[in-house]
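The lines below spell out each chain.
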Amino acid sequence: MLGVQYDLAASPKTASIPPEKVAKTVDAIAVALDDPETCVSEDHVESLYGLLQHCASIMVKGAFHLPFSTVALKQAKRKKFAHVHKGWKSELQWWSQLLLKWNGVAMIVPLATLRPTSDAIVSPTTDAANSKKKLSGGAGAVFGHRFQHFRFTPEESTILTIMDLEALTCVLWLHTLCHVCPTEVMGKRFIMWCDNDAVVQAVQSNKSNIPTLAFFLEVLHDLQCRFSFELQLEWIDTKSNRLSDALSRDEIEVFKQEMT
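1. Topic: the nonpolar core
Piece 1. Within the largest apolar cluster, 34 residues are counted, with the highest numbers of intra-cluster contacts made by Leu174, Met192, Val199, Leu213, Phe229, Leu231 and Leu233.
Piece 2. Looking at this core, the elements that each hand over two or more residues are strand S7 (136–143), helix H6 (162–180), strand S9 (189–194), helix H7 (197–205), helix H8 (211–227) and strand S10 (230–235).
Piece 3. No other element matches H6, which puts 10 residues into this core.
Piece 4. Not counting residues within four places of it along the chain, the set of residues in contact with Met192 comprises Ser123, Pro124, Thr126, Cys170, Trp173, Leu174, Leu231, Gln232, Leu233 and Glu234.
Piece 5. Core analysis: the second largest hydrophobic core is formed by 33 residues, Met59, Trp88, Leu92 and Trp102 among them.

Dropping the structure here:
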C-alpha cells in the first residue's frame, strides 16, 4: 500500500506509517481545530480526510472514528467549506491525542480468530457485582495465571449502573493486560467474555447511544489502535464465568479452590 511500510520478517509482522506522515496529520488536525472562523476550506478537508483514512487503514478500529470527518467532506464538496461543529471537533481531538501517543507502527493481526473455550485460563473474562443496599460492589477479571480484584467506591456504586460497572471492568482489565503483558495481546485477534448483554452488544456493533458506553468504547478503541489487537466480546452465563464471578463477590476462597 502506498505510504505504508511493511516488515513481514518481523515477529509479529508489522505495518507502519512514516513519522512525517503522522506529523503531517497532527498538523492538519491542528489547523482545523485552531481556525478562528470554525470553518475549513474544501481543499484542507480533502487533505485532512485523506491523511486520517491513511492512518486508519492500519489502525485497528480507527475507521470507526471517521463519521463526522466523512460528513464534513460531503459538506465541503457541496459548500466549498465545512463547519467545525462540536461533534467533529471531538472526533478530531480524539485522533490528535491518539496520534501523539502512537509510534506509527501497527502489528498485523492474523485473519484467524482465536476461539477458545470460555475457560479463563485461555480467554480473558470479567465480572462486576453491585449492591445498592450496602452501597458496595466489586469486580474480578482473569486471564491465565493473572487476575484482577478490586472494590468500587460508594460513589461509583451509587452513580454507575451495573452495565457501566461491567463496561468499566472490561476496559480496566484490557488496559492492565496491554501494559503488563503486551506480547500476549498485541497483534492478536481473540475472544473475551462478559456476562452483561448490553456491553457485549455495544462492543460488537462498535457504537452506542448510551453516553457511558460510548465513552468506554472510545477508550477500548484507543487501546486497540495503540496495541494492535482485534477483540470479539461475547456473552457468557454467570455459571460458566465462575472465576471472575467469585472475585467480584469477594469469595476469595472459592476463587482459590477453582484456580487449583
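2. A short note on the packing of H6 against H8
Piece 1. Two elements in contact, H6 and H8, have axes separated by 10 Å at closest approach and are oriented at 15 degrees. Taken together, the axis directions place H6 and H8 in an arrangement best described as roughly parallel. Between H6 and H8 lies a crossing of left-handed hand. For the pair H6 and H8, the contacting residues are Met163, Asp164, Ala167, Leu168, Val171, Leu174, His175, Cys178 and His179 in the first and Thr212, Leu213, Phe216, Val219, Leu220, Leu223 and Phe227 in the second.
Piece 2. For the contact of H6 with H8, the per-class residue count stands at 12 nonpolar, 3 polar and 1 charged.

3. Things to note about the pairing of S9
Piece 1. Along S9, 5 of the 6 residues are buried, which leaves the element largely enclosed by surrounding structure.
Piece 2. As defined by bridge partners, S9 adjoins S10 across 6 bridges and the pair is classed as parallel. Residue pairing in the sheet places Arg189 in a bridge with Glu230 of S10.

4. Digging into the sheet that holds strand S5 (residues 105–107)
Piece 1. Read across the open sheet, the 3 strands follow the order S1-S2-S5; overall the sheet is antiparallel. Every interior strand has two partners, whereas the edge strands, strand S1 (5–7) and S5, have only one. Adjacent strand axes in the sheet meet at a mean angle of 25 degrees when their direction is disregarded.
Piece 2. Pairing of S1 with strand S2 (residues 14–16) involves 3 bridges; the strand directions are antiparallel. Bridge assignment links Gln5 to a residue of S2, and that residue is Ser16.

5. So, unusual backbone geometry
Piece 1. For the peptide bond that leads from Ser11 to Pro12, omega is 0 degrees, which places it in the cis range.
Piece 2. Take Pro12: it is sitting in the loop between S1 and S2.
Piece 3. Look at Asp250: it is not a glycine, yet its phi comes out positive at around 65 degrees.
Piece 4. Position of Asp250 relative to the elements: it lies in the loop between helix H9 (242–248) and helix H10 (252–259).
Piece 5. Take Asp250: its relative accessible area is 34%, and that puts it in the partly exposed class.

6. A word on the layout of surface pockets
If a probe the size of a water molecule is rolled over the atoms, the empty space left behind becomes visible.
Piece 1. When its volume is computed, the largest pocket comes out at roughly 370 Å³.
Piece 2. Taken together, 16 residues form the lining of the largest pocket, with Phe64, His65, Pro67, Ala214 and Glu218 sitting closest to its centre.
Piece 3. At the level of elements, helix H3 (67–79), helix H4 (86–101) and H8 are the ones that each hand at least two residues to the lining of the largest pocket.
Piece 4. With 5 residues, H4 is the largest single contributor of residues to the lining of the largest pocket.
Piece 5. Partitioned by chemical class, the residues of the lining of the largest pocket number 6 nonpolar, 6 polar and 4 charged.

7. A look at the packing of H4 against H8
Piece 1. At a closest axis distance of 10 Å, the pairing of H4 and H8 adopts a crossing angle of 35 degrees. Every pair of crossing elements has a handedness; the one defined by H4 and H8 is right-handed. Facing Trp94, Leu98 and Lys101 of H4, the residues of H8 in contact are Glu218, His221, Asp222, Cys225 and Arg226.
Piece 2. In terms of residue class, the contact of H4 with H8 is built from 3 nonpolar, 1 polar and 4 charged.

8. Examining the packing of aromatic side chains
The geometry of an aromatic ring pair is captured by two quantities: the separation of the ring centres and the angle between the planes.
Piece 1. Enumeration over the complete set of coordinates arrives at 5 aromatic pairs.
Piece 2. Ring centres of Phe190 and Phe229 lie 5.7 Å apart, and the angle between their planes is 25 degrees; this geometry places the pair in the stacked category. Pair noted here: Phe190 is in strand S9 and Phe229 is in the loop between H8 and S10, with a separation of 39 residues, a long-range link. By the burial criterion, Phe190 is buried, and Phe229 matches it.

9. Regarding empty space enclosed by the protein
Piece 1. In total, this model carries 2 cavities of 30 Å³ or more according to the counting rule given.
Piece 2. Of the volumes computed, that of the largest cavity is approximately 100 Å³.
Piece 3. The set of elements that each furnish at least two residues to the lining of the largest cavity consists of H6, H7, H8 and S10.
Piece 4. Residue composition of the lining of the largest cavity, grouped by class: 13 nonpolar, no polar and no charged.

Analysis parameters
Residues numbered from 1 in each chain as written. Predicted model: local features only at pLDDT ≥ 70, side-chain atom pairs only at ≥ 80, totals over all residues. Heavy atoms only, no water. Core = buried A, V, L, I, M, F, W, Y, C linked by side-chain atoms within 4.5 Å. Buried < 20%, exposed > 50% of the residue type's maximum accessible area, 1.4 Å probe, protein only. Helix = DSSP H or I, 4+ residues; strand = E, 2+ residues; numbered from the N terminus. Contact = heavy atoms within 4.5 Å. Axes fitted to C-alpha atoms, helices over the stretch in contact; angles between N-to-C directions. Parallel < 35°, antiparallel > 145°, perpendicular 65-115°, else oblique. Left-handed = near helix turned anticlockwise from the far one by under 90°. Nonpolar A, V, L, I, M, F, W, Y, C, P; charged D, E, K, R; others polar. Pairing = 2+ DSSP bridges. 1 Å grid on protein atoms, 1.4 Å probe; cavity = no way out; pocket = protein on both sides within 12 Å on 5 of 7 lines; lining within 4 Å. Points joined across faces, edges and corners; volume = space filled by probe spheres on them. Phe/Tyr/Trp six-rings, centres within 6.5 Å; stacked < 30°, edge-to-face > 60°.

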